[in-house]
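Fold and contact review
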Amino acid sequence: MVECLAMLPLQRRCDEVRPLDLERRGITLPPQFKSGTPVLSGVKSRTSFKIKKKRFSVTKKYTEEWTVIKPSEGPEKITSNGMSSSGEATGSDSSEYRGWLLKWTNYIKGYRQRWFVLSDGLLSYYRSQAEMAHTCRGTINLAGASLESEDSCNFVISNGGAQVFHLRARSEVDRQRWITALELAKDRANKMRERVDDEEDFVVSPETTATALRQKLDHLNTCQNLVNQHGLALQQAISQIEDSAKLKSLMKDPVIAHLIKKTAEFRVASSSMIKACSTFVTYAAHHEKEWQMAREQRERLEETVESLARQHMSLEKAMTKSKRNLSDIKQDRPPGEGVVGIFDSDEEDEDFYDAMDNSEANNGNVAAVAAAPKVEPPTAVAPLDTGKSTLSTRTTSRKRRLRIPDKPNDKANLWNIMKNCIGKELSKIPMPVNFNEPISFLQRLTEDMEYGDLLTRAAECATVEESLTYLSAIAVSSYATTSCRTSKPFNPLLGETFEYDRTDDMGWRSFAEQVSHHPPVSALHVEHDNWIYYQDFSMTSKFRGKYLQVFPIGTTHFIVKSTGHHYTWNKVCTTVHNIIVGKLWVDQSGEILVKEHKTGASARVKFHPYSYFSRETPRRVTGSVLSPDGSPKFELQGTWDSSMSCAEVLSSEGDNWDTAEHQTRWVKNTPLEDSDKIYNFTAMAVTLNEPDEEVAPTDARRRPDQRLMEEQKFPAANNMKLTLEEAQRTRRRAREAKIAAEGPSAKYVPKWFAKRECEITGEEIWRFTDEYWQCKQSQTWDRCPSLYMDDEQEEDAT
């Protein structure tokens, strides 16, 4: 009978199922069931088989549970996915169903086996179970979708024409199980959407609720008085009737005796009801005063929090202003003079302010502030204590710019751009700079080091597991700016480079080069006195119509010099939504595996994709740090656009972990004032394209189209971009002709990176040759190709 129920589709307002419905599905019933008698019915069932429907509402989640009660057997539960508790449904959540189905692909390949997952009203499919961690081949929303059965094994799912899945099960029973699970999920999705719409349309304030409750309480008090008054009168009348002599003579009549008995029972019940009603009214009136006090306390607390928020904002502005003043002072002071010495005073009473905590300092640098008489103390950014530095550091801190020109308010007209492309050769139509931001992808890749202090902390940790918490945080932090920055960086030219020297204030310096153009590959190398960080980055993309998915290729390496520990991790999939219509927004999904290859310890961080039906926090990340034997050591949680924390696991039993208090590992830096006017750049991003005359001729800072865009000269930037891309095509054709004539030896060779085999992972990776900084010191740039134009050529091109 349980299997029969599992094969019945859910009907939203069906109260009973007749044997005819079962016989139409090929289910044989015992002869005692007549065709007109319900097999399953609600509370008013006329047979011994009953089905009861229970609804539970917990934190706005909806679940259903059906119970079949047989006369001779105990209850047997059927979960909301249509399967019995002993069936083949997978997953701990009763609303999730997984399995293999055959999906129609095209007329050449026909039906292909795919792994389908039904969860939260969404049906997704993958080529294999292993793809669930990183690649979803397609998803259809069951809310509003239609299900049609073609034959005993085939069925079709459609959401109105935009998406259609032609599916085939291996058997009729398997098909019916999927149909049942899909019907249940569709019903839940529709109810969830209706409930969300109702909640959005009707929001009741606490004051309105309190007023309504007070009115109901007054009404209840009035009804209680009436019940008390009439109840006493009824009791007196009953007592008079019992004392009547005439009634005593009729006591022998069974009907009169039964009436007197029921009257006495009603008198006792009414007395109990009057007493309970009186107690409730007294209790409610007493607690109404407590609720009023709690409401007043809440209002005072809200006012206090609002006042603290205003004070916090004013303090942040004052701190930013003091940093700017300090940068001016540090630029003007003579070499070798200390920061605190500028504010020295002969007076004995001096106030010193404690340094900020590392988690609050901008870019992780320790801030020390000294006070002087009649002068507001600015914040001094001290360089990291790296001991005897082996890097060529500057003697004084460089004054870096704090802002770039605001982007123009006029938006790009897509139709005008398409009109200007009419009649042009397709290969010569460039992407207008209107959709770009004024930095190169090499500079965008260097932005992964915005929170480079986390690498320094990871190198100084006592245990590998603790280091993994910081490395997981910096792996997540590299996606922090993608939530608000949807513009595209400039594609680097082959041989383009970018250096970023921050040894004066952060203790590290980086160098990046575009080592390949087809396919595009960028290599990055960062060095510090105690660690090395390097990666090569490539990617593949797939356009899905409404959204674009970017799959990164490459591995990030981190080596601690003092211990020899070698860590690696990957990147996750980035999805850009509303490519054609609507506002662009970016989401991240997948899993990052951070592994230490010397000990075997690892950390896993999962990026949860956004779901309209999910009540979870958007952009959520969760994970854990595992010891070499696989036991959990730290629990990780946070959001990839704001912060991340960890908690030590004190004890674990399966999936149940007892953890200590969470500690912050990373917090996103405060955005700049009016950052939306400067492409949502961070304080570090603003400095990336700052002019520097000492860098290589191929540096991205010298790229003219990028500079023209930053200066708001968009037409000239478009013309220059087209000229540079055409020059690159000319060089490529010449190189291909040379390869055809001379052989593979004529292929392009990067100037500062060389491909080597990684001794840990065994994969080929681009490694820095350590020659750039020596060439920069002597300003020897003979090996650099000519990528950009001189001043005269630039004027002609613009």
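Only a predicted model underlies this, so the values are computations on that prediction, with no experimental measurement involved.

Topic: the environment of Lys186
On the secondary structure map, Lys186 appears in helix α3 (residues 172-201). Separated by 66 residues in the primary sequence, Lys186 and Asp120 place their C-alpha atoms 9.3 Å from one another. If sequence neighbours within four positions are ignored, Lys186 has contacts with Leu142, Ala145 and Ser146.

Here's the deal with the sheet that holds strand β10 (residues 164-168)
Across the sheet, which stays open at both edges, the seven strands sit in the order β7-β6-β5-β4-β10-β9-β8 with antiparallel pairing between neighbours. The open sheet is flanked by β7 (138-141) and β8 (146-149), the only strands paired with a single partner. The sheet shows a mean angle of 35° between the axes of neighbouring strands, direction not considered. The pairing of strand β9 (residues 154-158) with β10 spans five bridges and is antiparallel. By the bridge assignment, Ser158 is partnered in β10 with Val164.

A look at the nonpolar core
Membership of the largest hydrophobic core comes to 70 residues, with the highest contact counts inside it found for Trp531, Tyr533, Phe558, Trp569, Ile592 and Phe607. Looking at this core, the element that brings in the most residues is helix α11 (residues 464-477), giving eight residues. Setting aside its immediate chain neighbours within four residues, Ile592 contacts Ala475, Tyr479, Trp569, Asn570, Val572, Ala603, Arg604, Val605 and Phe607.

Some points on empty space enclosed by the protein
The probe, sized like a water molecule, is rolled over the atoms to show the empty space still left. Applying the stated criterion to the full structure yields five cavities of 30 Å³ or more. Lining the largest cavity, in full, are Asp448, Ile474, Ala475, Ser478, Tyr533, Thr556, Trp569, Asn570, Lys571 and Ile592.

Some points on helix α14 (residues 714-742)
In this model, α14 (29 residues) spans 42 Å end to end at C-alpha, consistent with the 42 Å of a helix rising 1.5 Å per residue. Phi for Gly743, located one or two positions after α14, is positive at around 100°.

Some thoughts on a nonpolar patch on the surface
A grouping of Phe543, Ile579, Ile580, Val581 and Leu584 is seen on the molecular surface, where their side chains present a nonpolar patch of about 480 Å² in accessible area. Tracing the backbone through its elements, the reader meets Val581 in the loop between β23 (573-577) and β24 (585-596).

Focus on helix α10 (residues 453-460)
Of all eight residues in α10, seven are buried, a share of seventy percent or more. The complete set of buried residues in α10 reads Asp453, Leu454, Leu455, Thr456, Arg457, Ala458 and Ala459. Tucked into the core, α10 has its buried residues touching α11, β18 (520-528), β19 (531-543), β21 (556-560) and β30 (663-667).

Some words on a positive patch on the surface
Residues Lys109, Arg112, Arg127 and Lys542 make up a contiguous surface patch of positive charge. Its location among the elements puts Lys109 in the loop between β4 (97-106) and β5 (110-119).

Examining the packing of aromatic side chains
If you walk through the whole model with that rule in mind, you get 26 aromatic pairs. Between Tyr97 and Trp178 the ring centres are 4.7 Å apart and the planes differ by 80°, which places this aromatic pair in the edge-to-face class. One end of the pair, Tyr97, is in strand β4; the other, Trp178, is in helix α3, and 81 residues separate them in sequence. Centre to centre, the rings of Tyr451 and Trp666 are 5.7 Å apart; their planes meet at 85°, and the pair counts as edge-to-face. Residue Tyr451 is located in the loop between α9 (441-446) and α10, and its partner Trp666 is located in strand β30; the two are separated by 215 residues in the primary sequence. By relative accessible area, which is 2% here, Trp666 ends up buried.

A short note on the packing of α10 against α11
In contact at an axis separation of 8 Å, α10 and α11 are set at 165° when each is read in the N-to-C sense. One finds that α10 runs roughly antiparallel with respect to α11. Relative to α11, α10 is oriented so that their crossing is left-handed. Facing Leu454, Leu455, Arg457 and Ala458 of α10, the residues of α11 in contact are Ser467, Tyr470, Leu471, Ala473 and Ile474. Partitioning the contact of α10 with α11 into residue classes produces seven nonpolar, one polar and one charged.

Structural notes on the confidence of the model for the protein
Across the protein, the average pLDDT comes to 76, with 70% of residues at or above 70. For residues 32-94, every residue scores under 50 in pLDDT, and the model assigns this stretch 126 contacts once sequence neighbours within four places are set aside. In this model, residues 333-389 is a region of pLDDT below 50 whose contacts with residues beyond four sequence positions or in other chains number 83 contacts.

Concerning unusual backbone geometry
Here His518 and Pro519 are connected by a cis peptide whose omega angle stands at 0°. One can find Pro519 in the loop between β17 (508-517) and β18. Of note in this structure, Arg619 is not a glycine but carries a positive phi near 60°. Within the element layout of this structure, Arg619 appears in the loop between β25 (602-607) and β26 (620-626). Judged by its relative accessible area of 28%, Arg619 falls in the partly exposed class. Of note, the phi angle at Tyr679 is positive, near 65°, even though the residue is not glycine. Within the secondary structure, Tyr679 sits in the loop between β30 and α12 (683-688).

Cut-offs used in this document
- Residues numbered from 1 in each chain as written.
- Predicted model: local features only at pLDDT ≥ 70, side-chain atom pairs only at ≥ 80, totals over all residues.
- Heavy atoms only, no water.
- Helix = DSSP H or I, 4+ residues; strand = E, 2+ residues; numbered from the N terminus.
- Contact = heavy atoms within 4.5 Å.
- Pairing = 2+ DSSP bridges.
- Axes fitted to C-alpha atoms, helices over the stretch in contact; angles between N-to-C directions.
- Core = buried A, V, L, I, M, F, W, Y, C linked by side-chain atoms within 4.5 Å.
- Buried < 20%, exposed > 50% of the residue type's maximum accessible area, 1.4 Å probe, protein only.
- 1 Å grid on protein atoms, 1.4 Å probe; cavity = no way out; pocket = protein on both sides within 12 Å on 5 of 7 lines; lining within 4 Å.
- Points joined across faces, edges and corners; volume = space filled by probe spheres on them.
- Expected span 1.5 Å × (residues − 1).
- Patch = residues over 30% accessible without salt bridge, like charges linked within 9 Å, V, L, I, M, F, W, Y side chains within 5 Å.
- Areas by Shrake-Rupley, 256 points an atom, 1.4 Å probe, with all protein chains shown as cover.
- Salt bridge = Lys/Arg side-chain N within 4 Å of Asp/Glu carboxyl O.
- Lys, Arg positive; Asp, Glu negative; His and termini not counted.
- Charge placed at Lys NZ, Arg CZ, Asp CG, Glu CD.
- Phe/Tyr/Trp six-rings, centres within 6.5 Å; stacked < 30°, edge-to-face > 60°.
- Parallel < 35°, antiparallel > 145°, perpendicular 65-115°, else oblique.
- Left-handed = near helix turned anticlockwise from the far one by under 90°.
- Nonpolar A, V, L, I, M, F, W, Y, C, P; charged D, E, K, R; others polar.
- pLDDT = per-residue confidence, 0-100.

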